[in-house]
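Survey of secondary and tertiary structure
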Amino acid sequence: MKLINQSRDVSKSFFNEILNYYFTIAVISIYFLNIISEYFFFIFTGPNFNDGYKIFNIIILQVFLFGLFHITSMGMWRKDKNFYILVSIFVTLIFNIFLNYILIPLYGLNGAAIATVLSFLILNIISFIFSFFIIKLNIEKNFILKFFPLGSIIIFFIYSGQFSYSNLILIFLNFTLVFLAFKKIIFKFYSDLYSKFI
C-alpha cells in the first residue's frame, strides 16, 4: 500500500511539473508563431494563399492541445486503460462532426479550424476526468492560480487583436510565465555560479 501511495505521489508530481513546463513552452511558441506566420506565408506562398496564416494561427492551438492530451491522458496509459482512450476519442469525434456541421456554414475554413480546436479541448477535458478517477490525478493550485490565468491572458491578447505583438505588457507577461516555470532552474544556475566565485 505504501509503494502504491508513493507511486501515485510521483505521478502527481511528475504530472504537474510536466504540465507547467509544457504549458509555458506552448504559450510562448504560440506567441512567436503568431508573430512570424504572416511573414512566412507572404514569403513562401503565392498571393492566393497569403491569408492562410489566419487559419494557421488557429490550427496551432490544436497542435498545442494534441500535445497536452499526452499529459492529461497520463492516468489512462499509465494503468493501461486503452478502453477509456477509445471512449475519449470516440466522444471527441462525435463533437467534432457536430461542431463542423454548425460552424462551417457560418465561418467556412475558419469554422473548420475552430471546430478542430474545440474538439481537442473537449478531448483533453474528458481524458483528464478519466485520469483523475483512475489514479486520482490533481492539478496543483500553483498551476490554477498562476500558470493558467497568465497563459490564458496572453492567448486572449494574441487572438483578440487588442495588443500588438511588440506591446511591452504582452512581452512582460511572457517573461513572467517563463520565470514562473523555470525559476528553480534559474535560481540553481545563479546559485552554482555564485558559489564558484565565493
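To keep things clear, this report deals only with the structure shown in the data block. Note that the coordinates shown come from a computational prediction; the quantities given were computed from them, not determined experimentally.

Scoring rules and cut-offs
- Residues numbered from 1 in each chain as written.
- Predicted model: local features only at pLDDT ≥ 70, side-chain atom pairs only at ≥ 80, totals over all residues.
- Heavy atoms only, no water.
- Helix = DSSP H or I, 4+ residues; strand = E, 2+ residues; numbered from the N terminus.
- Expected span 1.5 Å × (residues − 1).
- Bend = angle between axes of the 7 residues up to and from the residue.
- Patch = residues over 30% accessible without salt bridge, like charges linked within 9 Å, V, L, I, M, F, W, Y side chains within 5 Å.
- Areas by Shrake-Rupley, 256 points an atom, 1.4 Å probe, with all protein chains shown as cover.
- Salt bridge = Lys/Arg side-chain N within 4 Å of Asp/Glu carboxyl O.
- Buried < 20%, exposed > 50% of the residue type's maximum accessible area, 1.4 Å probe, protein only.
- 1 Å grid on protein atoms, 1.4 Å probe; cavity = no way out; pocket = protein on both sides within 12 Å on 5 of 7 lines; lining within 4 Å.
- Points joined across faces, edges and corners; volume = space filled by probe spheres on them.
- Phe/Tyr/Trp six-rings, centres within 6.5 Å; stacked < 30°, edge-to-face > 60°.
- Polar contact = N/O pair within 3.5 Å; in protein donor to acceptor, adjacent residues only side chain to side chain.
- Contact = heavy atoms within 4.5 Å.
- Core = buried A, V, L, I, M, F, W, Y, C linked by side-chain atoms within 4.5 Å.

1. Remarks on helix H6 (residues 141-160)
The first and last C-alpha atoms of H6 sit 27 Å apart over 20 residues, in line with the 28 Å expected at 1.5 Å per residue. The largest bend along H6 measures about 30° and falls at phenylalanine 147, with the proline proline 149 one to four residues further on.

2. Here we look at a nonpolar patch on the surface
Together, Ile114, Leu118, Leu121, Ile125, Ile129 and Phe133 make up a nonpolar patch on the protein surface, roughly 510 Å² of accessible area in all. A relative accessible area of 31% means that isoleucine 114 is categorised as partly exposed.

3. Digging into the layout of surface pockets
Within this model, the largest pocket holds a volume of roughly 580 Å³. Elements with a minimum of two residues in the lining of the largest pocket: helix H1 (2-44), helix H2 (52-72), helix H5 (109-135) and H6. Ranked by the residues each element gives to the lining of the largest pocket, the list is headed by H5, at seven residues.

4. Quick word on helix H4 (residues 82-107)
Taking 1.5 Å per residue as the helical rise, H4 with its 26 residues ought to reach 38 Å, and the 35 Å between its terminal C-alpha atoms agrees with that figure. The largest bend in H4 amounts to roughly 30° and is located at asparagine 100. Following H4 by one or two positions, glycine 108 adopts a phi angle in the positive range, close to 65°.

5. Examining the packing of aromatic side chains
For any pair of aromatic rings, the description consists of the separation of the ring centres together with the inter-plane angle of the planes. Under the defined criterion, the tally for this structure stands at 16 aromatic pairs. Ring plane angle 70° and centroid distance 5.9 Å describe the contact between phenylalanine 83 and tyrosine 84, whose orientation is recorded as edge-to-face. Judged by relative accessible area, which is 32%, tyrosine 84 ranks as partly exposed. Centre to centre, the rings of phenylalanine 132 and phenylalanine 133 are 5.3 Å apart; their planes meet at 80°, and the pair counts as edge-to-face. The class for phenylalanine 132 is partly exposed, based on a relative accessible area of 30%. Classification of phenylalanine 133 as exposed rests on a relative accessible area of 57%. Three or more aromatic residues joined by ring pairs make a cluster, and in this case those are Tyr22, Phe23, Phe64, Phe143, Phe147 and Phe148.

6. Points about the side chain of asparagine 124
Secondary-structure assignment places asparagine 124 in helix H5. Reaching out from asparagine 124, the side chain makes a polar contact with the backbone nitrogen of phenylalanine 69 at a distance of 3.0 Å. Beyond its immediate sequence surroundings of up to four residues, asparagine 124 is in contact with Leu65, Leu68, Phe69 and Thr72.

7. Here we look at the nonpolar core
Core analysis: the biggest nonpolar cluster contains 36 residues, and Ile30, Phe64, Phe147 and Ile154 have the highest contact counts within it. Counting residues per element, the ones that place at least two in this core are H1, H2, helix H3 (74-78), H5, H6 and helix H7 (168-196). Looking at this core, the element that brings in the most residues is H2, giving eight residues. When residues no more than four places from it in sequence are discounted, the contact partners of phenylalanine 147 are Asn20, Phe23, Thr24, Asn142, Leu177, Leu180 and Ala181. By size, the runner-up hydrophobic cluster in this structure holds five residues, among which are Leu99, Leu103, Ala115 and Ile122.

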